[in-house]
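In case you want the letters, here they are:
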Amino acid sequence: VSLLSKKQVKENPSLILDEGWILITRSGTIGRMVYTRSDMKGMAGSEDFMRVAPNITKITPGYLYAYLSSRFGVPIVISGTYGAIIQHIEPQHIADLPVPRLREIEIRAHDLIVQAANAHVESIELRQRAGALVNEICRFPQRLAPAARVFAYSSASSSSVLRRLDATFHTPIAQKAEELVIAENGIALSSAGVLGFESNRMKQIFVEEGYGTPFITSGGIFSKTITPERYLRNQLLGEDETWRINEYDTLVARSGQVGGIIGRGVWADSRLDGFAASPHILRLRPTSEEFPPGYVYAFLCLTDVGYQLLARTAAGSSIPFLPLDAVLEVKIPTTPSLQQRQEIDELVKRSGALRKQSQELEKEAVALVERAIEEGGR
């Protein structure tokens, strides 16, 4: 995450978040919510979302979140929206929002939300452990650069510029990342049995649920909650399934501005299995037992060395993109033993399972509240 000046936070302590709050986006896309977990406590938050701080002597935070994020709460929250081009909502617009009291349902919903938050925190910790393990075994620094691209200069041999002449491919940071991987006996992803897939740029025709394949964009894969954004007409999809996301794929955002989501990756847990991927998502699929999928993901997406190697492949000026052939040439270290790679793989897989569990628990809590309201609080 980005870091904010301590001086600025000291001057505006209301930026600090606490555990058990509900955060609600207040400009742009109104009404998106999140329950603040233990790992978010003490962070500084943007001014573009409101903080709802429940009085725990009167109401349980988990229940309040489940209600506000339900199909009964969201419409009331966004009803105070104003503005034509960029919409806004202010705290006073939801201060008098009515909240139904559901007795024991409130306790059950709160417990489910807390369990969901804890599962998500554990998932993050497992991913961090997997990335740290790769760094430790391969003797990689935790960070190579404070930003994706920094002003610098370097030199490169004539042979290395035959295929890529753009300066950003040959920055000192990119060169250092490559040197570190070569020192750990790195080989190209393609040589490690990793296959790459990219969706064809087809005419996208969307249909109702039940008549198409769930579709997700490069922005959607980074959401905490994975849900189909739309449904793509089945007849548009080829039989070769190059469009398909498989469980255990590494999904890489291939388009955007360097320093944003481009070059960032997501582990495809079972929630994404069978989704149709946007052309702006690259799918990397390991096929060799010597390079298990969790290890490939951990190196590319949980270490700064892996990220820098992916980001350096970006080509284009206005909207950069990652060419698939260049991504498959990125080297992956072979220093970790097969046992160590499998240990890292298991950490990543457990992390993915916990993220799915977290979403299911949260969904169960919301459904519990909605059902109770429909039944008149019984």
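What you see is a predicted model, and the numbers here were worked out from it, not measured in a lab. (Residues numbered from 1 in each chain as written. Predicted model: local features only at pLDDT ≥ 70, side-chain atom pairs only at ≥ 80, totals over all residues. Heavy atoms only, no water.)

Enquirer: Looking at this structure, I do not really get the overall build of the chain. What am I missing?
Expert: When its secondary structure is counted, the chain shows nine helices and 13 strands. For 378 residues, the compact-globule estimate of 2.2 N^0.38 gives 21 Å, and the C-alpha radius of gyration of the chain, at 23 Å, lies within 12% of that figure. If one aligns the C-alpha atoms of the chain with their principal axes, the spans along those axes are about 70 × 55 × 45 Å. A burial count over the chain gives 48% of its 378 residues as buried. Considering only residue pairs separated by 6 or more positions, the chain has 76% of its internal contacts joining residues 24 or more positions apart. Summed over all atoms, the accessible surface of the chain reaches about 19,500 Å², with 52% contributed by carbon and sulfur. Taken together, the 42 basic and 43 acidic charged side chains of the chain have centroids lying 4 Å from each other. (Helix = DSSP H or I, 4+ residues; strand = E, 2+ residues; numbered from the N terminus. Rg over C-alpha atoms; globule rule 2.2 N^0.38 Å. Buried < 20%, exposed > 50% of the residue type's maximum accessible area, 1.4 Å probe, protein only. Contact = heavy atoms within 4.5 Å. Areas by Shrake-Rupley, 256 points an atom, 1.4 Å probe, with all protein chains shown as cover. Lys, Arg positive; Asp, Glu negative; His and termini not counted. Charge placed at Lys NZ, Arg CZ, Asp CG, Glu CD.)

Enquirer: Even after reading the chapter, I still don't get the layout of surface pockets, so can you show me in this structure?
Expert: To find leftover empty space, one rolls a probe the size of a water molecule over the atoms. When its volume is computed, the second largest pocket comes out at roughly 480 Å³. Forming the boundary of the second largest pocket are 20 residues, of which Arg164, Phe169, Glu178, Arg312 and Glu329 lie nearest the centre. With four residues, the single largest contributor to the lining of the second largest pocket is helix α5 (residues 172-183). A per-class count over the lining of the second largest pocket returns seven nonpolar, five polar and eight charged. (1 Å grid on protein atoms, 1.4 Å probe; cavity = no way out; pocket = protein on both sides within 12 Å on 5 of 7 lines; lining within 4 Å. Points joined across faces, edges and corners; volume = space filled by probe spheres on them. Nonpolar A, V, L, I, M, F, W, Y, C, P; charged D, E, K, R; others polar.)

Enquirer: How do you make sense of the nonpolar core when you look at a structure like this?
Expert: Among soluble globular proteins, nonpolar side chains are generally buried collectively. Grouped together as the largest cluster of nonpolar side chains are 44 residues, with contacts concentrated most on Leu284, Phe299, Leu300 and Val305. Among the elements of the structure, α4 (104-138), α5, β12 (281-286), α6 (293-302), α7 (304-311), α8 (324-327) and α9 (338-374) are those that each provide at least two residues to this core. Within the second largest apolar cluster, 31 residues are counted, among which are Met33, Leu102, Ile113 and Ala116. (Core = buried A, V, L, I, M, F, W, Y, C linked by side-chain atoms within 4.5 Å.)

Enquirer: Please explain the side chain of Ser351 as it appears in this structure.
Expert: With respect to the element layout, Ser351 can be found in helix α9. Take Ser351: its relative accessible area is 1%, and that puts it in the buried class. Of the polar contacts made by the side chain of Ser351, one reaches the side chain of Ser123; its length is 2.8 Å. Excluding anything up to four places from it in sequence, Ser351 contacts Ser123, Leu126 and Arg127. (Polar contact = N/O pair within 3.5 Å; in protein donor to acceptor, adjacent residues only side chain to side chain.)

Enquirer: Looking at this structure, I do not really get the sheet that holds strand β2 (residues 33-35). What am I missing?
Expert: Two orientations exist for strands paired in a sheet by backbone hydrogen bonds: parallel and antiparallel. Strand order in the open sheet formed by three strands is β2-β1-β3, with antiparallel pairing between adjacent strands. One side of each edge strand has no neighbouring strand; the edge strands of this open sheet are β2 and β3 (49-52). Taking the axes of each pair of neighbouring strands and ignoring which way they run, one obtains an average angle of 20° across the sheet. Strand direction decides the pairing type here: strand β1 (residues 22-25) and β2, joined by three bridges, are antiparallel. Its bridge partner being in β2, Ile24 is matched across the sheet by Met33. (Pairing = 2+ DSSP bridges. Axes fitted to C-alpha atoms, helices over the stretch in contact; angles between N-to-C directions.)

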